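Inside the fold
Letter by letter, the chains look like this.
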Amino acid sequence: MKKTIIEARDVCYKYDGTTALAVDHVTLTIAEGEFLAILGRNGSGKSTFAKLLNALLLPTEGSLTVNGIAPATEDDCYEIRKSCGMVFQNPDNQIVTTIVEEDCAFGLENLGTPPDVIRSRVDEALHSVGMTEYAQASPAMLSGGQKQRVAVAGVLAMRPKIIVFDESTAMLDPIGRRDVFALARRLNVEEGITIVWITHFMEEAALADRLIIMDNGRVAIEGEPRAVFGQTERVMALGLDVPEMMKLAAMLRERGVSLPGNIMTVNEMAVELCRLK
Ligand SMILES: Nc1ncnc2c1ncn2[C@@H]1O[C@H](COP(=O)(O)OP(=O)(O)OP(=O)(O)O)[C@@H](O)[C@H]1O
Ligand SMILES: [Mg+2]
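All values derive from a computational prediction rather than experimental measurement. (Residues numbered from 1 in each chain as written. Chains lettered and ligands numbered in written order. Predicted model: local features only at pLDDT ≥ 70, side-chain atom pairs only at ≥ 80, totals over all residues.)

1. Structural notes on helix 5 (residues 115-128)
Spacing of three or four residues puts side chains on the same side of an α-helix, whose turn is 3.6 residues. The end-to-end C-alpha distance of helix 5, which contains 14 residues, comes to 20 Å, matching closely the 20 Å that a straight helix rising 1.5 Å per residue would cover. Buried residues in helix 5 make contact with helix 4 (100-110) and helix 6 (144-156). Positive backbone phi, at 70 degrees, marks glycine 130, one or two positions downstream of helix 5. (Helix = DSSP H or I, 4+ residues; strand = E, 2+ residues; numbered from the N terminus. Expected span 1.5 Å × (residues − 1). Contact = placed C-beta atoms within 7 Å.)

2. Topic: the nonpolar core
Leu36, Ala153, Val196 and Trp197 are the most contacted members of the largest nonpolar core, which totals 77 residues. Tallying contributions element by element places helix 6 first for this core, with six residues. Residue-level mapping places this core at the junction of two domains, with at least three residues from each of domain 1 (4-242) and domain 2 (243-277). Beyond its immediate sequence surroundings of up to four residues, alanine 153 is in contact with Cys104, Ala125, Leu126, Ser128, Val129 and Met131. (Core = buried A, V, L, I, M, F, W, Y, C linked by C-beta atoms within 7 Å. Buried ≥ 20, exposed ≤ 12 C-beta atoms within 10 Å, placed from the backbone. Domains from an automatic or database assignment.)

3. With respect to the site of ligand 1
Ligand 1 sits among Tyr15, Thr18, Ala22, Gly40, Asn42, Gly43, Ser44, Gly45, Lys46, Ser47 and Thr48. Of the residues forming the shell around ligand 1, the biggest block, three residues, is contributed by helix 1 (residues 46-53). Of the residues belonging to the shell around ligand 1, the class tally is two nonpolar, eight polar and one charged. (Near = placed C-beta within 6 Å. Nonpolar A, V, L, I, M, F, W, Y, C, P; charged D, E, K, R; others polar.)

4. Side note on the sheet that holds strand 6 (residues 162-166)
The six strands are arranged 5-6-7-3-8-9 in an open sheet whose pairing can be described as mixed. In this open sheet, the two edge strands, each paired with only one partner strand, are strand 5 (84-87) and strand 9 (218-223). Put simply, the sheet's adjacent strands are angled 20 degrees from each other on average, direction ignored. The pairing of strand 3 (residues 35-40) with strand 7 (residues 194-198) spans four bridges and is parallel. For phenylalanine 35, the partnering residue across the bridge sits in strand 7 and is isoleucine 195. Helix-sheet contacts for helix 6 involve strand 5 and strand 6, and the interaxial angle to strand 5 is about 165 degrees. (Pairing = 2+ DSSP bridges. Axes fitted to C-alpha atoms, helices over the stretch in contact; angles between N-to-C directions.)

5. What about the packing of helix 11 (residues 244-254) against helix 12 (residues 266-275)?
For the pair helix 11 and helix 12, interaxial distance at closest approach is 9 Å and the crossing angle is 30 degrees. If you check the angle between helix 11 and helix 12, you find them roughly parallel. The crossing of helix 11 and helix 12 is left-handed. Seen from helix 11, the contacting residues are Met245, Leu248 and Ala249; seen from helix 12, they are Val266, Glu268 and Met269. Its residues placed into classes, the contact of helix 11 with helix 12 shows five nonpolar, no polar and one charged. (Parallel < 35°, antiparallel > 145°, perpendicular 65-115°, else oblique. Left-handed = near helix turned anticlockwise from the far one by under 90°.)

6. With respect to the packing of helix 6 against helix 7 (residues 174-191)
Contact geometry for helix 6 and helix 7: axes closest at 8 Å, N-to-C directions at 20 degrees. Looking at the two axes, helix 6 sits roughly parallel to helix 7. Where helix 6 crosses over helix 7, the two elements pack in a sense that is right-handed. Across the interface between the two elements, Gly144, Gly145, Gln148, Arg149 and Val152 of helix 6 pack against Ile175, Gly176, Asp179, Val180 and Leu183 of helix 7. In the contact of helix 6 with helix 7, the residues fall into four nonpolar, four polar and two charged.

7. Considering the domain arrangement of the chain
According to the domain assignment, the chain contains domain 1 (4-242) and domain 2 (243-277). On a C-alpha basis, the centres of domain 1 and domain 2 stand 33 Å from each other. For the side of domain 1 that touches domain 2, the elements supplying multiple residues, two or more each, are helix 8 (202-205) and helix 9 (225-229). Tallied by class, the residues present in the side of domain 1 that touches domain 2 amount to four nonpolar, two polar and two charged.

8. Focus: the sheet that holds strand 1 (residues 4-13)
The strands making up a sheet associate through backbone hydrogen bonding, with each pair oriented either parallel or antiparallel. Spatially, three strands are ordered 2-1-4 in an open sheet, and the strand pairing comes out antiparallel. The strands lining the two open edges of the sheet, one partner per strand, are strand 2 (23-31) and strand 4 (61-66). Across this sheet, the average inter-strand angle for adjacent strands is 10 degrees, counted without regard to direction. Where strand 1 meets strand 2, six bridges bridge the pair, whose relative direction is antiparallel. Residue pairing for strand 2: threonine 4 is matched across the bridge by alanine 31.

Pasting the structure below:
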């Protein structure tokens, strides 16, 4: 059995001055090395949950352990932030300096890391995201996708075990989006980093190991993407779309065509249609 790296038990979060719970009794375990996607309509609690994972917020109820630490003191929060990095939606908000490599070093400098260690970690991180040749460049000159790669390098330099991407592709063009998603997948597969991938794009969610759909602060559906999207009506009732081929399969089934519930890609649809007599 795989080791659990994140364990949430009945985790709740309520913002000051509000009455509803933004995160409402979430119980969830995430295994080390897993690539978990989170979908959910606006306001369903995804970002609040992400901030709890990163100890930017602390649960108002319930228990949460991240990499073996339950945040109780400031020091715990600090440790959690080192092991669980976060990449946000807007790359411009994450860039703080005017030279790419300085930007990647920022977090380590704040930790008081010795300069030679910073040097090697930053070089390694920039190499890992394919941005070595831009080390001396100004972040302002980069595309959105490249800026996100620099943001990922800044997180990687801290050697995290987990990276939470909160809609990190939402502001990118299709190429940048694919590029950043592929980077996260590669870090997951090659370096064993646990990924929590929050997105509005179901095509991305479809490629995760596991998918949860949040609604009203709760986990509404959880499972392998294929099994989740296969519950087409339920997913759509939660205000979300499902992959086109799943919708088409559901429509054809409604009209009496006998098709399995797990068709997700055009190829799979073609194979099943050719099988029909
Ligand atoms: N700082 C805040 N103060 C008060 N309420 C907040 C605050 N931030 C979020 N909320 C509320 O908490 C709930 C969950 O918000 P959250 O940002 O976690 O949702 P989300 O799923 O990330 O949405 P989106 O898809 O728009 O990013 C919403 O009802 C939201 O209005
Ligand atoms: Mg959000």
